[in-house]
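# Structural features, examined
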Amino acid sequence: MQAIRITEHGGPEVLTYDAVEKATPGTGEMVVRIDTCGVNYIDTYHRSGLYPVELPAVLGLEAAGIVEEIGPEVTLFKPGDRVAYPNVPGSYAEYCLVPESKAVLVPAELSLELAAASMLQGLTGHALTHSTYAVDEQSQVLIHAAAGGAGQLLAQLCKMKGARVIGTVSTEEKAEIAKAAGVDDIVFYTREDFVDRTRELTDGRGVDVIYDSVGKTTFLPGLDALRPRGTMVLFGNASGAPEPINPALLMQKGSLFLTRPILFHYIADRKELEQRTTDLFRWLIDGDIEITIDRRLPLAEAAQAHQLLESRQTAGKLLLKP
Ligand code: NDP
């Protein structure tokens, strides 16, 4: 089968489209024929080496497809089932070996493409707005990179809960996309001081919570855009990893809360994975939330997908088609 592999860390050029051996399912595993793979920023961290990964590696964590073969003791699925998952390494491929515990059934009303597009960023949105910080109609929220894949979903989920949403973007085009996702107030953080603007927009008070996936350029100033006892949810590093801070800074800035979550600790329990996915799929089927597909590329062009994502040229979901 064909897959996108890395044998060394580096830029998008280290991604190669190779023939690799198709695995046989062991106990509790199944082989899924991939219909659509989702591209996520975390894939670029695995490629660059920012997050550790053993080499050689087939990249990709998220996909949807058809169960082709099951191993011993698989009880949840059978060949022919339509499944999706957010966190199985080796998903930039024609086939992937998937532990049954990590997959969910895709309802008939939902396309495999949308299921693949929604898993990682959608479940992250769910976890961050329901569990990391429970957003409600009183909440004032700042979302960085609000036109991005995760950003658009976060904006829609915060609006579903009745919050007021401020969103940062880099361009006019992205501003329109963020507005369509429900962002109430746009801040151009590339040319405006987002802290001053956020304070102005909240009558000097600051926001209750910041969802920061940008990291290096936004994290530290963001502490000044929070209300006293506000919550900083730092969940990504699109501009690089922020410098370490002294915990006393959180006291000085207003007894702030800081958390650095990753989705996988919010779906490690199968029941939690199923509950969050059930909500997410229902919202998609009912049209309560929408996923913007930025573009679809052939699997062989994964390097181009990484290049586009890292150069801020996307607004929404990037998909690969084996
Ligand atoms: P996005 O679609 O949000 O793409 C990244 C966006 O970040 C860009 O489009 C750009 O928007 C903004 N950005 C700001 N500064 C830079 C920079 N220097 N270089 C590149 N982009 C920049 O990607 P994703 O939705 O896939 O992921 C966003 C972040 O969220 C990533 O860091 C990812 O790791 C994280 N994430 C974390 C999860 C978790 O569990 N913790 C789960 C899912 C995502 P603009 O042009 O408007 O500035």
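See the structure above.
This write-up is about the structure you can find in this document. Counting restarts for each chain: residues are numbered from 1 in the order of the written sequence. pLDDT decides what is reported in this predicted model: residues at 70 or higher carry local features, side-chain atom pairs at 80 or more are listed and counted, and totals for whole chains, interfaces and linings draw on all residues regardless. Only hydrogens and water are set aside when side-chain values are computed; all heavy atoms of the structure are taken into account.

### Section: empty space enclosed by the protein
Counted only if it meets this: Whether a set of points on the 1 Å grid over the protein atoms alone is a cavity depends on a 1.4 Å probe fitting there but being unable to get out, while an open set qualifies as a pocket with protein on both sides within 12 Å along at least five of seven lines; lining residues are those with an atom within 4 Å of a point. Grid points are joined across faces, edges and corners, and a volume is the space filled by probe spheres set on the points. Numbered from the N terminus, helices here are DSSP runs of H or I no shorter than four residues, and strands are runs of E no shorter than two. Throughout this entry, Asp, Glu, Lys and Arg are counted as charged residues, while Ala, Val, Leu, Ile, Met, Phe, Trp, Tyr, Cys and Pro are counted as nonpolar. The remaining residues, Gly among them, count as polar.
All told, the structure shown has one cavity of 30 Å³ or more when counted by the stated rule. Around the largest cavity, the lining residues are Gln 121, Gly 148, Gly 149, Gln 152, Leu 153, Gln 156, Glu 290, Ile 291, Thr 292, Gly 316 and Lys 317. A per-element tally of the lining of the largest cavity places helix α3 (residues 149-160) first, with four residues. By residue class, the composition of the lining of the largest cavity is two nonpolar, seven polar and two charged.

### Focus: the packing of aromatic side chains
Stated formally: Only Phe, Tyr and Trp rings take part, Trp by its six-membered ring, and two of them pair if their centres are within 6.5 Å. Stacked means planes under 30 degrees apart, edge-to-face means over 60, and tilted covers everything else. A simple rule labels every residue: compare its accessible area, found with a 1.4 Å probe on the protein chains alone, to the largest value its type can have, and call it buried under 20%, exposed over 50%, or partly exposed in between. Put simply, a charge is over a ring when the Lys NZ or the Arg CZ is close to the ring centre, within 6 Å, and near the line of the ring normal, within 35 degrees.
Using the criterion set out here, one finds two aromatic pairs in the structure. Measuring from centroid to centroid gives 5.5 Å for Tyr 41 and Tyr 45, while their planes differ by 50°, and the two rings are tilted. Residue Tyr 41 and its partner Tyr 45 are both found in helix α1 (residues 41-48); the two are separated by four residues, about one turn of the helix. Classification of Tyr 41 as partly exposed rests on a relative accessible area of 22%. Overall, Tyr 45 belongs to the buried group, its relative accessible area being 8%. Consider the rings of Tyr 45 and Tyr 51, whose centres lie 4.8 Å apart with planes at 55°: the pair is tilted. Each of the two residues, Tyr 45 as well as Tyr 51, counts as buried. Taken together, the ring pairs connect Tyr 41, Tyr 45 and Tyr 51 into an aromatic cluster. The ring of Tyr 95 has Lys 22 sitting right over it, with the charged end atom 4.0 Å from the ring centre. Above the plane of the ring of Phe 188 lies Arg 191, whose end atom (NZ or CZ) is 4.1 Å from the centre.

### So, the sheet that holds strand β4 (residues 57-58)
Under the convention used in this document: For two strands to be treated as a pair, DSSP must find at least two bridges joining them.
Taken together, the three strands give an open sheet; going across it, the order is β2-β1-β4, and neighbouring strands pair in antiparallel fashion. Two strands close off the open sheet at either side, each with one partner strand: β2 (16-19) and β4. Where strand β1 (residues 2-6) meets β4, two bridges bridge the pair, whose relative direction is antiparallel. Each bridged residue has a counterpart across the sheet, and for Ile 6 the counterpart in β4 is Ala 57.

### Things to note about the packing of α1 against helix α9 (residues 302-310)
Rule in force here: The angle between two axes is taken between their N-to-C directions and runs from 0 to 180 degrees, where each axis is a line fitted to C-alpha atoms and a helix contributes only its stretch in contact. Here the angle decides the label: under 35 degrees means roughly parallel, over 145 means roughly antiparallel, 65 to 115 means roughly perpendicular, and every other value means oblique. In this analysis, two residues are considered to be in contact whenever any of their non-hydrogen atoms come within 4.5 Å of each other.
Two elements in contact, α1 and α9, have axes whose closest approach is 10 Å; the angle formed by their N-to-C orientations is 110°. Taken as axis vectors, α1 and α9 run roughly perpendicular relative to one another. Contacts between α1 and α9 involve Tyr 41, Asp 43, Thr 44 and Arg 47 from the first element and His 306, Leu 309 and Glu 310 from the second. Its residues placed into classes, the contact of α1 with α9 shows two nonpolar, two polar and three charged.

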